[in-house]
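Structural overview
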Amino acid sequence: MIPIDGLAVLTAAEMRSAEQAAMIGDVTEASLMDRAGAAIAQAVARLAAGREVLVLCGPGNNGGDGYIAAAELKRRGLAVRVAASEAPRSDDARRVAAFWPDAVESLERAEPAPVLVDAIFGTGLSRSPSAVVEHALARLTDAAWLRIAVDLPTGIATDTGKVLGKTPRFDVTLALGAVKPSHVLQPAASLMGQVRLLDIGVPTKSSARILARPILPQPDATSHKYNRGMVAIVAGSMSGASELAALATLRAGAGYVLHLASGDVSASAAPHAIVRRNYTADALNEDRIGAVVIGPGLGRNDDASDRLEAALASGRPLVIDGDALRLVAVETLAAHDGRKILTPHGGEFTHLFGEVTDDKLSATRRAAQQSGGVVVHKGADTVIAAPDGRAILCPEASPWLSTAGTGDVLAGAIGAMLAAGLEPLAAAEAGVWLHAQAARACGKAFIADDLADALSAVRG
């Protein structure tokens, strides 16, 4: 069982293509099924720790994997039973069902077991299971001590994160051959438990992958405050949000943070490490500025629009967040040829790019292409996409991030990474990773100020 950090993400169609490409010589669909079943058995044997196992098999290839796994578990000496939703339909499924030496129970009448393995339906499901299947699955999972899903839990669409029926929660999901989008897209991801990959010998390649621990910029003997990254934070009518972004920028590793505001910009304000100056039309002409963060607390009045226009015209790499995403047009972003990262939450994304009608991964890729910038589509299942189609899917973050100001902290962290010299997709990934790690370090009921401070501890 392999942790999924950094692994390729394949859609159902891409997985089928990968399997077809792997079928060379003596590698056939049947042999891939044999590999999958053996890998499932090995994983279940480790997790079951000697407890009785009930394997639920469907009529297709996912069920075939289940029959092979059950036969191998029995060979290993575990107490195993098999229950089927219906008879096997495909030739391969019928072939491997014959490996099971004992009776096959009816799914409706099967008695529970401490360990439940769901191999009814996996990749490729397009409609909800029958009420009979849903009821039996709910009954048997409720009674199980450990619930394991094969590839995907029954009732999950592979590519969209949609839950097609009444799918129960699982403790472990064993992804076969590759991670699929629904392993990390919501709401399906919340039902997966721990997702682990089982290698079945199919080479995989994709422009999408799972978020991984990044290589963060580190200072050395030649470093000074400017080459570590100078970031300008353009403030507006709500200076608390921009102050949070400024603090996060410093805590994420920037060498110099310039907070540009109007009115009282007292240098006595804490933290004293932030340089505070009055905003002027030429404030962004400083050549040493490595990135500009605009949007947190900017407001939506004419003055805010003027500041956004100045930031776009400055030629500096940009992080565009919050109110700035309500003020800018997609056409303006597309015409802007500088480096930029957009960080919309769901509402801002819909305002700028329209309603998501298919899936979050596809929609975010389209948005990146349309805008010409890297898009960080925030949420419990954050998706990051670049204009060239590369994408990063992020596993579920702490639900305690659902509090005011955490998006401002993320914008600041990404700004620090961008000013340090990372290309936009890498800067976005590094900022999102740091943000998630800081949330974990904070635990429960933290506020955005705590989150910003915690960036230093997880910076590494």
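The shown structure was predicted, so the numbers you read here are calculated from the model rather than taken from an experiment.

Calculation rules
Residues numbered from 1 in each chain as written. Predicted model: local features only at pLDDT ≥ 70, side-chain atom pairs only at ≥ 80, totals over all residues. Heavy atoms only, no water. Phe/Tyr/Trp six-rings, centres within 6.5 Å; stacked < 30°, edge-to-face > 60°. Helix = DSSP H or I, 4+ residues; strand = E, 2+ residues; numbered from the N terminus. Buried < 20%, exposed > 50% of the residue type's maximum accessible area, 1.4 Å probe, protein only. Lys NZ or Arg CZ within 6 Å of the ring centre and 35° of its normal. Contact = heavy atoms within 4.5 Å. Polar contact = N/O pair within 3.5 Å; in protein donor to acceptor, adjacent residues only side chain to side chain. Pairing = 2+ DSSP bridges. Axes fitted to C-alpha atoms, helices over the stretch in contact; angles between N-to-C directions. UniProt positions renumbered as here; feature names shortened; annotations may be inferred. 1 Å grid on protein atoms, 1.4 Å probe; cavity = no way out; pocket = protein on both sides within 12 Å on 5 of 7 lines; lining within 4 Å. Right-handed = clockwise from strand over helix to strand, strands pointing away.

Glancing now at the packing of aromatic side chains. This model, assessed by the stated rule, comprises 2 aromatic pairs. Between Tyr226 and Tyr256, the aromatic rings sit 5.4 Å apart at their centres with planes inclined by 20°, giving stacked as the arrangement. Of this pair, Tyr226 sits in the loop between strand S9 (208-210) and strand S10 (230-234) while Tyr256 sits in strand S11 (residues 256-261), and the two are 30 residues apart along the sequence. Their ring planes at 45° and their centres at 5.0 Å tell us that Phe349 and Phe353 sit as a pair that is tilted. Of this pair, Phe349 and Phe353 both sit in helix H10 (residues 346-353), 4 residues apart, which is roughly one turn of that helix. Residue class for Phe353 comes out buried when judged on its relative accessible area of 16%. Here the basic side chain of Arg51 rests over the ring of Trp145, its NZ or CZ set 3.5 Å away from the ring centre. Just above the ring of Tyr226 sits the side chain of Arg288; from NZ or CZ to the centre is 3.9 Å.

This part takes up the environment of Trp100. With respect to the element layout, Trp100 can be found in the loop between helix H4 (91-97) and strand S4 (104-106). Judged by its relative accessible area of 6%, Trp100 falls in the buried class. Once the C-alpha coordinates of Trp100 and Glu72 are considered, the two residues, 28 residues apart in sequence, prove to be 9.0 Å apart. Apart from residues no more than four positions distant in its own chain, Trp100 is found in contact with Tyr67, Ala70, Ala71, Lys74, Val80, Arg81 and Val82. Within the local environment of Trp100, its side chain forms a polar contact with the backbone oxygen of Asp102, the two atoms lying 3.1 Å apart.

Next up on the list: the sheet that holds S10. Strand pairing within a sheet occurs via backbone hydrogen bonds; the two strands may be parallel or antiparallel. The 10 strands lie next to each other as S9-S18-S17-S16-S15-S14-S13-S10-S11-S12, forming an open sheet whose pairing is mixed. Lying at the two open borders of the sheet, with one neighbouring strand each, are S9 and strand S12 (275-278). Averaged over all pairs of adjacent strands, the angle between strand axes in this sheet comes to 20°, irrespective of strand direction. Looking at chain direction, strand S15 (residues 340-342) and strand S16 (residues 374-377) are connected through 2 bridges and run parallel. Among the inter-strand pairings, Ile341 is bridged to a residue of S16, identified as Val374.

In the numbering used here, UniProt assigns the "binding site: AMP" (unreviewed entry) feature to Lys378, Gly379, Ala380, Asp381, Thr382 and Gly407. Taken together, the annotated residues stretch across 30 residues yet fold into one region, lying no more than 14.2 Å apart by C-alpha. Those annotated residues from the list above that line the largest pocket are Lys378, Gly379, Ala380, Thr382 and Gly407. Position of Ala380 among the secondary structure elements: in the loop between S16 and strand S17 (383-385). Excluding residues that lie within four positions of it along the chain, Ala380 makes contacts with Gln186, Cys394, Pro395, Glu396 and Ala397. With respect to the helices and strands, the residue Gly407 is situated in helix H12 (residues 406-419). In contact with Gly407, other than residues within four places in its own chain, are Asp321 and Lys378.

What follows concerns the UniProt feature "domain: YjeF N-terminal" (unreviewed entry) in the protein. Sequence positions flagged by UniProt for "domain: YjeF N-terminal" (unreviewed entry) are, in local numbering, residues 15-208. Secondary structure across residues 15-208 comprises 32% helix and 18% strand; the distance between its end C-alpha atoms is 13 Å.

Our next topic: the pairing of strand S3 (residues 80-84). Within a regular strand, the side chains alternate between the two sheet faces. Counting buried positions along S3 gives 5 out of 5 residues, so the element sits mostly inside the fold. Of the two faces of S3, the one carrying Val80, Val82 and Ala84 and the one carrying Arg81 and Ala83 are both buried. Note that strand S2 (residues 53-57) and S3 share 5 bridges and pair parallel. Residue pairing for S3: Val55 is matched across the bridge by Val82. Assessed by its sense of winding, the connection that carries the chain from S2 through helix H3 (residues 61-75) to S3 is right-handed. Sheet topology note: the S3/S4 ladder contains 3 bridges and is parallel. The residue bridging Ala84 from the neighbouring strand is Ser106, located in S4. For the handedness criterion, the β-α-β arrangement of S3, H4 and S4 is classed as right-handed.

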